[in-house]
Amino acid sequence: MQSIVLASASPRRAELLRQIGLSFLVQPADIDETPASNESAEHYVERLAREKALAGSAFKPGSLVIGSDTSVVLGGRILGKPTTAGDAIVMLQVLSGTTHQVMTGVAVVHKGICESRLVIANVRFRELLAAEIDAYVATGEPMDKAGGYGIQGRGGIFVEELRGSYSAVVGLPLQETAALLAGAGYPVWETWNSRQESRNE
C-alpha cells in the first residue's frame, strides 16, 4: 500500500488517523492562513485544507497526502485560536449559552489530484460560569484550539448538544477522510489485518 502523509502538526488529527488503523508520516504544511477579503468561512476552511494537502504533497511526491483545517464559527465570524489567556476567556464568554458551527475541511492529494470535503457540525454550549471559564483557561487546554476549547478534553463538559460529526469537531471527519482515501485507491479497511497477516507469514 502507498505511504500516507498527514500535512498537520495536530496531535488530535494524528490520534484520529491512528484510531482507524492508519500508519502515516507527519509533515506539517506551512501556509498563509489569512482569510481572503470577503471570503466565507466555508470557503476559507476548505481552501486551507486543500492548500495544506497540496503543500504536503511537495515534500513526498507519490504519497497520499491528507490536509485538514478546522474553524469555530459564530454568526459567520471565524473564531481562531486564542493568542492570550484573556483572548481565550473572551471566546468562551461569547460561546456561552449559544449554538456555533464547527467547520472542518479535509483534502486528499493523490497523483496531483486534490479532492476535498467540508463538514459542518452544530455545537451548543450551556451557560458557563465565570469561575469555570477561568479554571479552564488556567489549564492551558484552550490555547492551541480553534474557538478556545477541545470537545475531547476538559472542554467537553461545556457541550450541551452536538449535531453532526464528533470527529470533525475534534479536527478530522473520519467518515469523509476514509471516503476520500478510498476514492484515491486506498480503502482504509484493507489495512486492518495486513500487518497481522505479514507477521504470521
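Here we summarise the structure given alongside this text. Throughout, a residue's number is its position along its own chain's written sequence, starting from 1. Only residues with pLDDT of 70 or above have their local features reported here, since the model is predicted, and side-chain atom pairs are shown and tallied only from 80 upward, although totals for entire chains, interfaces and linings are computed over all residues. Based on all heavy atoms of the structure, the side-chain values leave hydrogens and waters out of the count.

**Considering the side chain of Lys145**
Which entries qualify depends on this criterion: The helix and strand labels rest on DSSP assignments: H or I over at least four residues marks a helix, E over at least two residues marks a strand, and numbering proceeds from the N terminus. Between buried and exposed lies partly exposed: a residue is buried under 20% and exposed over 50% of the maximum accessible area for its type, with that area taken using a 1.4 Å probe on protein chains only. We define a polar contact as two N or O atoms separated by no more than 3.5 Å, with the added condition that, inside protein, one atom must be a possible hydrogen donor and the other a possible acceptor, whereas residues neighbouring each other in sequence contribute only through side-chain atom pairs. Residues count as neighbours in contact if any of their non-hydrogen atoms are within 4.5 Å of one another.
Tracing the backbone shows Lys145 in the loop between α4 (130–139) and β7 (159–163). For Lys145, a relative accessible area of 10% corresponds to the buried category. Only 2.9 Å separates the side chain of Lys145 from the backbone oxygen of Glu141, close enough to count as a polar contact. In this view, Lys145 contacts Arg12, Gly80, Lys81, Pro82, Gly150 and Gln152; residues no more than four positions away in its chain are not counted.

**Examining helix α3 (residues 85–95)**
For clarity, the threshold we go by: As used here, the arc belongs to the directions running from the helix axis to the C-beta atoms.
Where α3 is concerned, the buried positions are Ala88, Met91, Leu92 and Leu95. Looking straight down α3, one finds its buried side chains confined to an arc of 95°; they lie on one side. Those residues of α3 that are buried are in contact with β3 (64–74), β4 (77–79), β5 (99–110), β6 (113–125) and α4.

**Topic: the packing of aromatic side chains**
In plain terms, the rule: Side-chain rings of Phe, Tyr and Trp, where Trp is taken by its six-membered ring, are said to pair if the distance between their centres is within 6.5 Å; with planes under 30 degrees apart they count as stacked, over 60 as edge-to-face, and otherwise as tilted.
Applying the stated criterion across every chain yields a total of 3 aromatic pairs. With centroids separated by 4.8 Å and ring planes inclined at 70°, the aromatic side chains of Phe125 and Tyr149 adopt a geometry described as edge-to-face. One end of the pair, Phe125, is in strand β6; the other, Tyr149, is in the loop between α4 and β7, and 24 residues separate them in sequence. There is no split in this pair, since Phe125 and Tyr149 are both buried. Chaining the aromatic ring pairs together yields one cluster made of Phe125, Tyr136, Tyr149 and Phe158.

**Focus on the nonpolar core**
Cut-off, in case you're wondering: Here, nonpolar core refers to any group of buried Ala, Val, Leu, Ile, Met, Phe, Trp, Tyr and Cys residues whose side-chain atoms link them within 4.5 Å.
With 39 residues, the main nonpolar core has Leu17, Leu22, Ile66, Leu92, Phe125, Tyr149 and Leu181 as its most contacted residues. Among the elements that make up this core, the one with the highest residue count is α3 (4 residues). Once residues within four sequence positions are removed from consideration, Leu92 is found in contact with Phe125, Leu128, Ile133, Tyr136, Val137, Gly148, Tyr149 and Phe158. With 16 residues, the next largest nonpolar core counts Val5, Ala49, Val65 and Met103 among its residues.

**Focus on the pattern of salt bridges**
Basically, it comes down to this: When a carboxyl oxygen of Asp or Glu is within 4 Å of a side-chain nitrogen of Lys or Arg, the pair counts as a salt bridge.
Under the criterion given, the structure shown has 11 salt bridges. As a salt-bridge pair, Arg126 and Glu132 come within 2.8 Å of each other at their nearest N and O atoms. Residue Arg126 is classed as partly exposed on the basis of its relative accessible area, which comes to 25%. Its salt-bridge partner being Glu141, residue Arg154 comes within 3.6 Å of it at the nearest N-O pair. Here Glu141 lies in the loop between α4 and β7 and Arg154 lies in the loop between α4 and β7, a separation of 13 residues in the sequence.

**Considerations on the pairing of β3**
Spelled out, the test is: Only strands joined by at least two bridges in the DSSP assignment are considered to pair.
Extensive coverage of β3 is indicated by the burial of 10 of its 11 residues. Sheet topology places strand β1 (residues 4–6) next to β3; 3 bridges connect them, and they run parallel. Paired with Leu6 across the strands is Ile66, a residue of β3. Two strands pair when backbone bridges link them, and β3 and β4 are joined in this way by 3 bridges, in the antiparallel orientation. Within β4, the position partnered with Val72 by the bridge is Leu79.

**Some details on the side chain of Ser96**
If you trace the backbone, Ser96 turns up in the loop between α3 and β5. Since its relative accessible area comes to 14%, Ser96 is described here as buried. Among the polar contacts made by the side chain of Ser96, one reaches the side chain of Glu127 at a distance of 3.5 Å. At a separation of 2.8 Å, a polar atom in the side chain of Ser96 contacts the main-chain amide nitrogen of Leu128. If we skip the residues at most four places from it in the chain, Ser96 touches Phe125, Arg126, Glu127 and Leu128.

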